[in-house]
Each structure stands twice: as C-alpha cells, then as structure tokens.
Amino acid sequence: MSFRIKEIREKKSLTQEELANKSGVSRNLIARLESGGLKNTTTDTLFKIANALSVKVETLFFEE
C-alpha cells in the first residue's frame, strides 16, 4: 500500500520532525511510510497523521 503523506506534508510546508511533533508519531516511522519502506501501519497511527495534517484518513492513500 502506498501513502500520500509526503505529498500532503510538503503542501502544508511541514518537515517530518514538525509532523512527528504534531501527530505524536515518530519521525522515523513517518520517514519509512513516506519512502515506502513500511507498507503497513496501525489505524491509530494513520488517524494521528491525518489529524495532524487536517485531512481525512482516506486522503492519505494513493488510489490503485
């Protein structure tokens, strides 16, 4: 599964560190999700990231 986290984060002019602080998710985990190094994560993590980016969770996913 691919995520649009990096695209959305950059549109909002946030660094990975700022997103990590805002979401409570580690910067390392965000980096791995953005790079595709991690394909799965918990629903809770996705909700935290989506809330920090002020988007719906489904917005984080690429359509396949």
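Up top is the structure.
These lines cover the structure that appears in this document, whether it is placed above or below. Position numbers for residues start from 1 in each chain and track the written sequence from start to end. Where totals are concerned, whole chains, interfaces and linings use all residues; where local detail is concerned, this predicted model gives features only for residues with pLDDT of at least 70, and gives and counts side-chain atom pairs only at 80 or more. Calculation of side-chain values draws on the structure's entire complement of heavy atoms; hydrogens and water are dropped beforehand.

Considerations on helix 2 (residues 16-23)
Then, in step 1: Buried within helix 2 we find Gln16, Leu19, Ala20 and Ser23. End-on view of helix 2: buried residues confined to an arc of 100°, all on one side of the axis. Facing away from the buried side of helix 2, by more than 90 degrees, are the exposed residues Asn21 and Lys22.
Then, in step 2: The criterion used for residue contact is that any of the two residues' heavy atoms lie within 4.5 Å. We count a stretch as a helix when DSSP gives it H or I for four or more residues in a row; a strand needs E for two or more, and each element gets its number in order from the N terminus. The secondary structure elements touched by the buried residues of helix 2 are helix 1 (5-11), helix 3 (27-35) and helix 4 (43-53).
Then, in step 3: Gly24 lies just past helix 2 and shows a positive phi near 80°. Any residue under 20% of the maximum accessible area for its type is buried, any over 50% is exposed, and the rest in between are partly exposed; the area is computed with a 1.4 Å probe on protein chains only. Of all possible arcs, the one meant is that of the directions from the helix axis to the C-beta atoms.

Observations concerning the packing of helix 2 against helix 4
For any two helices packed against each other, one specifies the crossing angle of their axes together with the interaxial distance.
Then, in step 1: For the pair helix 2 and helix 4, the least separation of the axes is 9 Å and the interaxial angle reads 110°. One element, helix 2, and the other, helix 4, form an angle in the roughly perpendicular class. Of the residues in helix 4, those in contact with Leu19, Lys22 and Ser23 of helix 2 are Lys48, Ile49, Ala52 and Leu53. Axis definition: a line fit to C-alpha positions, over the contact stretch in the case of helices; interaxial angles, taken between N-to-C directions, run 0 to 180 degrees. Orientation labels follow simple angle bins: below 35 degrees gives roughly parallel, above 145 gives roughly antiparallel, 65 to 115 gives roughly perpendicular, and whatever is left gives oblique.

Observations concerning the packing of aromatic side chains
Then, in step 1: Two aromatic rings from Phe, Tyr or Trp, using only the six-membered ring of Trp, form a pair when their centres are within 6.5 Å; if the ring planes differ by under 30 degrees the pair is stacked, by over 60 it is edge-to-face, and anything between is tilted. Tallying each qualifying case throughout the model produces one aromatic pair.
Then, in step 2: Their ring planes at 45° and their centres at 5.5 Å tell us that Phe3 and Phe61 sit as a pair that is tilted. One end of the pair, Phe3, is in the segment before helix 1; the other, Phe61, is in the segment after helix 4, and 58 residues separate them in sequence.
Then, in step 3: With relative accessibility at 26%, the residue Phe61 sits in the partly exposed group.

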